[in-house]
Amino acid sequence: MRVYERMTPHPVVTGLDTPVVEAMQLISENNFRRMPVVDKNNNLVGIITEKELQKAMPSQATSLSAHELNYILMKTKVGDILPKRKLITIEADELLEEAPVLMRNHKIGAIPVTKNGALVGIITETNIFDAFIDIMGLKVPGFRITATVKGNPPGILGKIATIISQCGGNISHVTVRVSEKEQSAMTFRVNREADIDKIVEDLEKLSVSVIYEKV
């Protein structure tokens, strides 16, 4: 899976010369937490967050008149408050798993997506969560079967899949995790028409520990 398959394309952007009050209105209307910032040539120059915009807004306890407030709000531009930090981007054709690694390493919640230097999207924590939900098949009804085996024996995944198939099971999703305890945990999403009792019985003959639940 590639970044472009899960990113939000054609993201809403704001400009360096956009008044802070307008940027704040834009971010509120779209229920964003951050927005890419571009210059006059539409080149990506940074990301501004909702918190950073809020900090630039006058306090409600101010003694300034409405006219003075309006003047300050229109005079202060996004470029005036944009933090000087390293801009982290990711290419649209990169593997999706590279995105959460970058987010984790740099402690950020979103990354602008580029293609040949041009901004084409943004990948956020929500995009990553949605991808995880789909990969795990959490919205698909059926049986969730977790088969655990010591080590990672060659061909074990194929053997388990064959048993599930022979018992009327159709695998819609599968994930594999090898733990530090040298155990392989394979989780399968299988249709409800499968003979789950027979699946468990046959898997246990392979010395496979099985846990399942109807979902």
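An account of the accompanying structure is given in this report. (Residues numbered from 1 in each chain as written. Predicted model: local features only at pLDDT ≥ 70, side-chain atom pairs only at ≥ 80, totals over all residues. Heavy atoms only, no water.)

1. Digging into the layout of surface pockets
Worth spelling out the cut-off: Put simply, the grid is 1 Å and covers the protein atoms alone, a cavity is a trapped set of points that fit a 1.4 Å probe, a pocket is an open set with protein on both sides within 12 Å along at least five of seven lines, and lining residues have an atom within 4 Å of a point. Grid points are joined across faces, edges and corners, and a volume is the space filled by probe spheres set on the points. Labels follow the DSSP assignment, with helices taken as runs of H or I lasting at least four residues and strands as runs of E lasting at least two, numbered in each case from the N terminus. Here the nonpolar group is Ala, Val, Leu, Ile, Met, Phe, Trp, Tyr, Cys and Pro; Asp, Glu, Lys and Arg are the charged ones; every other residue, Gly included, is treated as polar.
Considered as a void within the structure, the largest pocket measures approximately 340 Å³ in volume. Around the largest pocket sit 19 residues that line it, and Ile47, Thr49, Arg85, Ile108 and Ala110 are the ones nearest its centre. Listed by contribution, the elements that provide at least two residues to the lining of the largest pocket are β4 (44-49), α3 (50-56) and β6 (110-115). Within the lining of the largest pocket, the residues separate by chemical class into nine nonpolar, four polar and six charged. Contributing to the lining of the second largest pocket are 14 residues, with Phe32, Arg33, Arg34, Ile122 and Thr124 lying nearest its centre. For the lining of the second largest pocket, the secondary structure elements donating two or more residues are β3 (34-38), β7 (118-124) and α7 (125-136). A per-class count over the lining of the second largest pocket returns six nonpolar, five polar and three charged.

2. Looking at empty space enclosed by the protein
Applying the stated criterion to the full structure yields one cavity of 30 Å³ or more. Counted as a void, the largest cavity has a volume near 50 Å³. What lines the largest cavity is Ile135, Met136, Arg144, His173, Val174, Thr175, Thr187, Phe188 and Arg189. The set of elements that each furnish at least two residues to the lining of the largest cavity consists of α7, β9 (171-178) and β10 (183-190). Split into classes, the residues belonging to the lining of the largest cavity amount to four nonpolar, three polar and two charged.

3. Some words on a nonpolar patch on the surface
Quick reminder of the rule: A residue counts toward a patch only above 30% relative accessible area and without a salt bridge, and it is joined to like-charged neighbours within 9 Å or, for Val, Leu, Ile, Met, Phe, Trp and Tyr, to nonpolar neighbours within 5 Å. We get accessible surface area from the Shrake-Rupley algorithm with a probe of 1.4 Å; when it comes to residues, only the shown protein chains can shield them. Between Lys or Arg on one side and Asp or Glu on the other, a salt bridge is scored when a side-chain nitrogen of the former is within 4 Å of a carboxyl oxygen of the latter.
Together, Leu157, Val174, Val176 and Val178 make up a nonpolar patch on the protein surface, roughly 320 Å² of accessible area in all. By residue number, the principal contributor to the nonpolar patch is β9, which donates three residues. Mapped onto the secondary structure, Leu157 falls in helix α8 (residues 156-166).

4. Regarding the nonpolar core
So the rule is basically this: Residues enter a nonpolar core if they are buried and are Ala, Val, Leu, Ile, Met, Phe, Trp, Tyr or Cys, with the set joined through side-chain atoms within 4.5 Å. Relative accessibility decides the category of a residue: with a 1.4 Å probe and only protein chains considered, values under 20% of the type maximum give buried, values over 50% give exposed, and everything between is partly exposed. Two residues qualify as a contact provided that any one of their heavy atoms is within 4.5 Å of a heavy atom in the partner residue.
Core analysis: the biggest nonpolar cluster contains 19 residues, and Ile145, Ile160, Phe188, Ile199 and Leu203 have the highest contact counts within it. Elements supplying a minimum of two residues to this core: β8 (143-150), α8, β10 and α9 (196-204). When sequence neighbours within four positions are dropped, the list of residues in contact with Ile145 reads Met186, Thr187, Phe188, Val190, Ile196, Ile199, Val210, Ile211 and Tyr212. Met7, Ile88, Val113 and Ile123 belong to the second-largest nonpolar core, a separate cluster that totals 13 residues.

5. A short note on the pattern of salt bridges
Going through the model one piece at a time under the given rule, you end up with seven salt bridges. Between Arg33 and Glu125 there is a salt bridge, and its shortest N-O distance comes to 3.1 Å. With Arg33 in the loop between α2 (20-29) and β3 and Glu125 in helix α7, this residue pair connects regions lying 92 residues apart in the sequence. The partner of Asp202 in a salt bridge is Lys205, with the nearest N and O atoms 3.9 Å apart. Residue classification places Asp202 among the buried residues on the basis of a relative accessible area of 15%. Taking relative accessible area as the criterion, Lys205 reaches 59% and is therefore assigned exposed. The network of salt bridges with common partners includes Lys198, Glu201, Asp202 and Lys205.

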